[in-house]
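Working through the structure, step by step
Here are the chains, one letter per residue:
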Amino acid sequence: MNIVLGVSGGIAAYKAVMVARLLVEAGHDVQVVPTEDALHFVGKPTWEAISRHPVTASVHENVAEVRHVALGQHADLIIVAPATANTLARMAAGIADNLLGTTLLATEAPVLVAPAMHTQMWLHPATQANIATLRTRGIEFVGPNDGRLTGTDSGPGRMSEPDEIVTRAFEILARTSLTSGDLAGVKLLVSAGGTREPIDPVRFIGNRSSGRQGVALAAAAAARGADVVLLAANIEDAILSEVSDCANVRIDRTGTATEMDAAANREADDADVIVMAAAVSDYRVAGVRDTKMRKEDTGTQVTLTLTENPDILAGLVHRRRPGQLVVGFAAETAENQQALLALGRQKLARKGADLLAVNAVGWSEGFETTENTLYVLAVGGELVATASGSKREAADGLLDAIVAARQARS
């Protein structure tokens, strides 16, 4: 999503840096628009490093891009944090003599405001009247909180914490995308994480998948309007927190490949799109022990007999209904991109999926990292998309390919 973060001139501007960082880490494209006063508190190099975009407060830079209008036109959401009493007054009056003012007037996107000022300024009738005016125009507010202010003062007027602001922003994006996103009305089933096959009550056979890529897919799809069921295999709560509060994401926890197979088949009939991103164990232990296997009982060598797990992806492909799109994942070790794609094409031919997302894994890539590169193959082995960057950015790239495939069918 394209998010504009407006920053006005208050000491709370330092907290807005974390707002920008959280938004970027979630995979959103963030354009920071500070006022000139804001730059006295946090300088341009900081904003540019965090947002990965050039930053200016002036309407006289990048004139050829019509930046003073384009930012607002292209935004999916505008956040103003902190919003000082002066900024609220200017917003209410429609004053547009700086880049933030013109951006706010040139947008039809939802606007979320996080006020920050001294208590007397917050409670002043003029400020309260401006807030009432802005609310009638659909502007949404988060905070302010009651707490420590500049100096020794305390009271209402403290800017909400960055995580509060970002959580509220995600709620707004999820709400608006339900009707306007390119996946609005689509039911999507996605698996994530790594299955674990028990050996005994203590040990298991597993893999290093954290589930970040599958969770990012669920979050990105929800932000684009999809109704998502997430099959989560052994994913930490901290990672699942990205979607745990999404109204249009339902989490179904699974543990083993057999459990995930049952859940996938239970949910598949209602799904328009199925994305199997989980790392599923190919084998399970044939005879799981009821008690812990002890070294003194087994000696220096242990032999485990493994039996093949159900092929979840192939089964879903075999049972798919007309119009349903099934997407698989292939995590492979390969010496180069050509070899990686060759392995992906072989798997795609075996499984019969509509799309296959191929990514390289190894000791230091793929699993347990925040970055990823997905190569998306279509039927016949054609490379139709490459998505690289954060796992949220990779997720959006894959979803773009899914949307394109659905449009081509229709």
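Residues numbered from 1 in each chain as written. Predicted model: local features only at pLDDT ≥ 70, side-chain atom pairs only at ≥ 80, totals over all residues. Heavy atoms only, no water.

The name given to the protein in an unreviewed UniProt entry is Coenzyme A biosynthesis bifunctional protein CoaBC, with the source organism recorded as Brooklawnia propionicigenes.

1. As for the sheet that holds strand S8 (residues 187-193)
Basically, it comes down to this: When DSSP finds two or more bridges between two strands, those strands count as paired. In DSSP terms, a helix is any run of H or I states spanning at least four residues, a strand is any run of E spanning at least two, and both are numbered starting from the N terminus. Helix axes are fitted to C-alpha atoms over the stretch in contact, other axes to C-alpha atoms as well, and angles between N-to-C directions run from 0 to 180 degrees. Contacts are assigned to residue pairs that have any heavy atoms within 4.5 Å of one another.
Taken together, the 8 strands give an open sheet; going across it, the order is S12-S11-S8-S13-S16-S17-S18-S19, and neighbouring strands pair in mixed fashion. Since the sheet does not close on itself, it has two edges, and those belong to strand S12 (249-254) and strand S19 (383-390), each with one partner. On average, each strand axis in the sheet is tilted by 15 degrees relative to the strand beside it, whichever way the strands run. As defined by bridge partners, strand S18 (residues 371-378) adjoins S19 across 7 bridges and the pair is classed as antiparallel. Note on S19: the bridge partner recorded for Asn372 is Gly389. Each of S8, strand S11 (227-233), S12 and strand S13 (273-276) touches helix H11 (residues 257-268); the most contacted strand, S12, lies at about 150 degrees to it. Against the sheet, helix H13 (residues 312-319) makes contact with S13 and strand S16 (325-332), and its axis sits at roughly 160 degrees relative to S16, the strand it touches most.

2. Notes on the packing of helix H4 (residues 85-93) against helix H7 (residues 125-136)
To keep things clear, this is the line we draw: Angles below 35 degrees are treated as roughly parallel, those above 145 as roughly antiparallel, those between 65 and 115 as roughly perpendicular, and all remaining angles as oblique. Crossing handedness: left-handed means the near helix sits turned counterclockwise from the far one by under a right angle, and right-handed means the same turn made clockwise. Under this grouping Gly is polar, as are all residues other than the nonpolar Ala, Val, Leu, Ile, Met, Phe, Trp, Tyr, Cys and Pro and the charged Asp, Glu, Lys and Arg.
One way to put it is that H4 packs onto H7 with a least axis distance of 9 Å and a crossing angle of 45 degrees. Here H7 runs oblique to H4, going by the angle between their axes. Our pair here, H4 against H7, has a crossing hand that is left-handed. Contacts between H4 and H7 involve Ala85, Leu88, Ala89, Met91 and Ala92 from the former and Thr127, Asn130, Ile131, Thr133 and Leu134 from the latter. Split by residue class, the contact of H4 with H7 holds 7 nonpolar, 3 polar and no charged.

3. A short note on a nonpolar patch on the surface
Inclusion rule: Exposure above 30% relative accessible area and no salt bridge define the residues that can form patches, which grow by joining like charges within 9 Å and nonpolar side chains of Val, Leu, Ile, Met, Phe, Trp and Tyr within 5 Å. A 1.4 Å probe and the Shrake-Rupley method give the accessible areas. Residues count as covered only by the protein chains that appear here. Any carboxyl oxygen of Asp or Glu that lies within 4 Å of a side-chain nitrogen of Lys or Arg is treated as forming a salt bridge with it.
A grouping of Tyr283, Val302, Leu304 and Leu306 is seen on the molecular surface, where their side chains present a nonpolar patch of about 350 Å² in accessible area. Tracing the chain through its elements places Tyr283 in strand S14 (residues 283-285).

4. Some details on the pairing of S12
We count it as follows: Here, the term right-handed applies to a crossover whose path from the first strand over the helix to the second runs clockwise when the strands point away from the viewer.
Two elements, S11 and S12, share 6 bridges in a ladder whose sense is parallel. Across the sheet, Val229 pairs through a bridge with Arg250, a residue of S12. You can see the chain leave S11, run along helix H10 (residues 237-244) and come back into S12, and the turn it takes is right-handed.

5. Things to note about the sheet that holds strand S5 (residues 140-141)
Strand order in this open sheet of 5 strands is S2-S1-S3-S4-S5, and the pairing throughout is parallel. The open sheet has two edge strands with one neighbour each: strand S2 (29-34) and S5. Packed onto the sheet, H4 meets strand S3 (77-83), strand S4 (111-115) and S5 and runs at close to 145 degrees relative to S4.

6. Some remarks on the environment of Thr307
Rules: Burial classes: relative accessible area under 20% of the type maximum marks a residue as buried, over 50% as exposed, and values in between as partly exposed (1.4 Å probe, protein chains only).
Residue placement: Thr307 occurs in strand S15 (residues 306-308). For Thr307, a relative accessible area of 30% gives the class partly exposed. Separated by 96 residues in the primary sequence, Thr307 and Val403 place their C-alpha atoms 37 Å from one another. Contacts of Thr307, omitting those with residues within four sequence positions, involve Asp282, Tyr283, Arg284 and Ala286.

7. Some words on the pattern of salt bridges
Pairing between side chains becomes possible if they bear opposite charge and their charged atoms approach one another. Within this structure, the stated rule accounts for 19 salt bridges. Residues Arg90 and Asp97 are paired through a salt bridge, measuring 2.1 Å at the closest nitrogen-oxygen approach. With a relative accessible area of 54%, Asp97 lands in the exposed category. For the salt bridge of Lys351 with Asp311, the shortest nitrogen-to-oxygen distance reads 2.5 Å.

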